[in-house]
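Remarks on the overall topology
The lines below spell out each chain.
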Amino acid sequence: MRSAEVVVCGAGIAGIAAAHELATRHGVRDVVLVDDQPPLTVTSDKSTECYRDWWPQPAMAALMGRSIARLEELAAETGNAFAMNRNGYAYLSGTAAGAAALAAGAEATAALGAGPLRIHRGEPGDPPWPETPWERLDPGLRGADLTLEPSLVRGRFPFIAPDARALLHARRCGWVSAQQLGMVLLERAQAAGARLLRGRITGIARDAQGVTAVQVAGGEVERITTRTLVLAPGPELPAMSQLAGLDLPVFCELHAKVMFDDALGVVPRHLPLVIWNDPVTLEWSGEERRELAADPALAFLLGELPPAVHFRPEGGEGSRKLLLLWAFDVAPVPPLQPPSFPPWLAEVVVRGVARMVPAFGVYLERMRRPFVDGGYYTKVPDNRVLVGGSAVPGLWLLAALSGYGIMAAMGAAELLADHLRGAAPAWAPDLAPERFADAGYRERLLAGAAGAGQL
């Protein structure tokens, strides 16, 4: 038997960030991380590795603003050991309705504190458009640059489809090396006294006051006594919630990323994350259409597919790699390990990118076999985090980080620590697990009126 002041279930980026926060900033000397897998190997190393200070809900905007500030501080302290950049996110639309929605959403998001919205109309009085190289941008640059002039869109990104008519470039955004970030946090946590134990939590003991211990299988110890248990289990959240007796509407989606070799240099290297914000209908030959129509499992590929096909450069100078992503099929699935992907997925994603970047179509005939990887987005219906206490005293959650775990982890860990010391900010209830105890809130989610959906 072993004891711990705090036990953290899960050694992904969320659990490691929690251990780091408690051990290095709050003086908790006895934090134990428990996981039956090596750190950062289940989903944290399968992520897009991006971050953005551009969120449409007040609580998520507050959380992410704080989390990115913490990332920036850590980058400065470590000589940018995890390669944080400020390349930004570029959203594009090719329809009048999409352009109007992009503009309206940008105004609303900027008003939540993401920074000023700079409008570019192609006129002499326009504000200057911040130029490359990206790494030399003013580190204080925030907000976004918006143009609804097609000629300006093409001027910024001449490789984009000619029907593109709107471009929004959010600035306090970019990506990091998730693996390096996680290792920096883990090493600092361990230096402050946190311990990492191999094993799987299989039971949670409690008494009238709450949590008393956890049972551990396959590890160095079989039982750890504690009064504070933090669940940060990534895609194991549905199973751990059931184990803890929590009533949470948790589910998982499988998301793939395609590592692609842009051997022909179709797109330049110094780019933001580029996102096509419109639904996509793929181009198929007559024969391909007949084959797809004959297969009930694939016929959906003939119709309109969801928006947000996107890509970004990957690797340092001299690399031709691109990371391609498109969540066109996100039905809830059980989180099986290791995840598997259909053999046709990479081609569909490349076709989606070709809708946005027509020259990419050359790879449909000359494509090297890309590498497909990915992991699970663990979510609740409003797609916000679960950070805070539960119905079981002493049982806390830092979970449901969906597709934004890398960017949210440090802010979510700070919020958890605030809860533990009774000093959570005013917006914390909007992200706390207890919101799902409200039957009315659940009903509004089912009706689509409470901010549900992919952010």
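Our subject is the structure listed above.
Here is a short report on the structure shown in this document. (Residues numbered from 1 in each chain as written. Predicted model: local features only at pLDDT ≥ 70, side-chain atom pairs only at ≥ 80, totals over all residues. Heavy atoms only, no water.)

**Comments concerning the environment of Leu445**
As for its position among the elements, Leu445 is in helix 11 (residues 439-446). In this structure Leu445 comes out as buried when scored by relative accessible area, which is 9%. Residues Leu445 and Asp382, 63 residues apart in the sequence, show an inter-C-alpha distance of 6.8 Å. (Helix = DSSP H or I, 4+ residues; strand = E, 2+ residues; numbered from the N terminus. Buried < 20%, exposed > 50% of the residue type's maximum accessible area, 1.4 Å probe, protein only.)

**Considerations on the sheet that holds strand 11 (residues 200-207)**
Strand order in the open sheet made by the four strands is 1-13-12-11, with mixed pairing throughout. A strand with exactly one partner marks an edge of an open sheet, and here the two such strands are strand 1 (2-3) and strand 11. Of the strand pairs in this sheet, strand 11 and strand 12 (residues 210-217) are connected by seven bridges, and their pairing is antiparallel. Within the sheet, the bridge partner assigned to Asp207 lies in strand 12 and is Gly210. (Pairing = 2+ DSSP bridges.)

**Side note on the sheet that holds strand 3 (residues 31-35)**
The strand order across the open sheet built from six strands is 10-3-2-14-21-20, with neighbouring strands paired in mixed fashion. Edge strands, defined here as strands with exactly one partner in the open sheet, are strand 10 (195-198) and strand 20 (386-389). Neighbour-to-neighbour, the strand axes of the sheet open up by a mean angle of 20°, direction not taken into account. Sheet topology places strand 20 next to strand 21 (residues 395-399); four bridges connect them, and they run antiparallel. From the neighbouring strand, Leu386 faces strand 21, where its bridge partner is Ala399. (Axes fitted to C-alpha atoms, helices over the stretch in contact; angles between N-to-C directions.)

**A closer look at the packing of helix 2 (residues 58-77) against helix 10 (residues 405-420)**
Relative to each other, helix 2 and helix 10 sit at 100°, their axes nearing to 7 Å. What the angle tells us is that helix 2 and helix 10 run roughly perpendicular. Contact with helix 2, carried on its side by Leu63, Met64, Arg66, Ser67, Arg70, Leu71 and Leu74, involves Ile406, Met407, Ala408, Ala409, Met410, Gly411, Ala412, Glu414 and Leu415 of helix 10 and no other residues of that element. Split into classes, the residues belonging to the contact of helix 2 with helix 10 amount to 11 nonpolar, two polar and three charged. (Parallel < 35°, antiparallel > 145°, perpendicular 65-115°, else oblique. Contact = heavy atoms within 4.5 Å. Nonpolar A, V, L, I, M, F, W, Y, C, P; charged D, E, K, R; others polar.)

**As for the pattern of salt bridges**
A side chain with one charge can pair with a side chain of the opposite charge if their charged atoms come near. Counted under the stated rule, the structure contains 27 salt bridges. For Asp36, the salt bridge is made with Arg200, and the minimal N-O distance between the two is 3.7 Å. Taken together, the residues Asp36 in the loop between strand 3 and strand 4 (50-52) and Arg200 in strand 11 connect sequence positions 164 residues apart. Judged by its relative accessible area of 35%, Arg200 is partly exposed. Several salt bridges converge on common partners, so that one network encompasses Glu21, Arg25, Arg66, Arg70, Glu73 and Glu414. (Salt bridge = Lys/Arg side-chain N within 4 Å of Asp/Glu carboxyl O.)

All we've got here are geometric facts, nothing functional implied.
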